[in-house]
Amino acid sequence: MKVTVIGAGNVGATAAECVARKDMVKEVVMVDIQEGMPQGKALDMMESAPIHGFDTKITGSNEYDVTEGSEVCIITAGLPRKPGMSRDDLLAKNAEIVSSVTNQFKAGSPDAKLIIVSNPLDVMTYVSYTASDFDPNHVMGMAGVLDTARYRAFLAMELDVSVRDIQALLMGGHGDTMVPLPRYTTIGGIPVTEMLDDDTIESIVERTKGGGGEIVNMMGTSAWYAPGAAAAEMAEAIIKDNKRVLPAAAYCDGEYGLNDMFIGVPVKLGADGVEEIIEVDLSDEEQHLMQTSADHVQANLDNLERLKNEGAIG
């Protein structure tokens, strides 16, 4: 089996290394437009194989022919927002990039499952879906696994317990409108509400919502270790057909009252991609938060359509 990672920057390279170290596929291919970078990073990783003990071959390329026959493709390509760049500028540019790389990849791997990491994530997942013309269950966004990991990490720090004993669920779009669900959070099977007071839980929820920005403020750039690991975990669930129940940006067609959009929901992830969207009971307040998040995603989709009509996206 083969996994392709498009974009060999920090997130893409981390995802490729995490997949390789799991030793679950024959080859990982990194593709990037910058000559020498994917090749150099692939060689560096291969030289670490004797130390880490994996046999996965890692290949770097500037072309897409070597990606043919991929089972999974992780798309991290795109630009960060730069000084002087409006949100519309970023949306237009990244839509062009994600659409282009999806088109270049899809012919050689028509049965691949696409995991989108590029931002704004929910919209870029939709862009890749329309560019690929793949079944909607074969296209998904990564954010939920990352956001849940941050939430679980903050809970473990607060409680001084192992992260392995924390189960949690977040829904909604990636960003400030995500919907953490403390009601579905347990520590070794014990509801988190029995271990932490409401104010502490709320502070952890708010920190989770701003988790990406917290790191940007510290480093001046966005995170890569956790996003790369999150994408690799999703790839593993597909490759191994594990039927993992994970939060992912999946295509909703009536679920949770939402239609024709990708948004974070709990899914069963296996060899056929998103094999099921799991609908959990939401309180009136949680449903309101979910709808607010969906409205934000829809606003971005509407902006994308407007930019296309104005010719800002080629």
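Reading the values: rules and limits
- Residues numbered from 1 in each chain as written.
- Predicted model: local features only at pLDDT ≥ 70, side-chain atom pairs only at ≥ 80, totals over all residues.
- Heavy atoms only, no water.
- Helix = DSSP H or I, 4+ residues; strand = E, 2+ residues; numbered from the N terminus.
- Expected span 1.5 Å × (residues − 1).
- Buried < 20%, exposed > 50% of the residue type's maximum accessible area, 1.4 Å probe, protein only.
- Phe/Tyr/Trp six-rings, centres within 6.5 Å; stacked < 30°, edge-to-face > 60°.
- Lys NZ or Arg CZ within 6 Å of the ring centre and 35° of its normal.
- Pairing = 2+ DSSP bridges.

A. Broad picture of helix 2 (residues 37–52). Here helix 2 is 16 residues long and its end C-alpha atoms lie 22 Å apart, about the 22 Å a rise of 1.5 Å per residue gives. All of the buried residues along helix 2 are Pro 38, Ala 42, Met 45, Ser 48 and Ala 49. Within two residues after helix 2, Gly 53 carries a phi angle of roughly 80°, on the positive side.

B. Summary view of the packing of aromatic side chains. Tallied over the full model, the rule gives 6 aromatic pairs. Taken together, a centroid distance of 6.0 Å and an interplanar angle of 70° make the contact between Tyr 126 and Tyr 129 edge-to-face. One end of the pair is Tyr 126 and the other is Tyr 129, both in helix 4 (residues 121–132) and 3 residues apart, which spans about a single turn. The same class applies to Tyr 126 and to Tyr 129, which are both buried. A ring pair is formed by Trp 224 and Tyr 225, whose centres lie 5.5 Å apart and whose planes are at 50°; its orientation type is tilted. Overall, Tyr 225 belongs to the exposed group, its relative accessible area being 61%. Members of the aromatic cluster, each reached through a chain of ring pairs, are Tyr 126, Tyr 129, Tyr 251 and Phe 262. A cation sits over an aromatic face here: Arg 207 above Phe 154, 4.1 Å from the ring centre.

C. The pairing of strand 13 (residues 259–270), seen in detail. Burial within strand 13 is extensive, with 9 of its 12 residues counted as buried. Pairing between strand 12 (residues 244–253) and strand 13: 10 bridges, direction antiparallel. Along strand 13, the bridge assignment pairs Tyr 251 with Phe 262. As consecutive antiparallel partners, strand 12 and strand 13 are separated by 5 residues, and within that stretch Gly 254 has a phi angle of approximately 110°, a positive value. Sheet analysis places strand 13 next to strand 14 (residues 273–277), joined by 4 bridges and oriented antiparallel. Directly across from Lys 268, in strand 14, lies its bridge partner Glu 276. The loop that links strand 13 with its antiparallel partner strand 14 comprises 2 residues.

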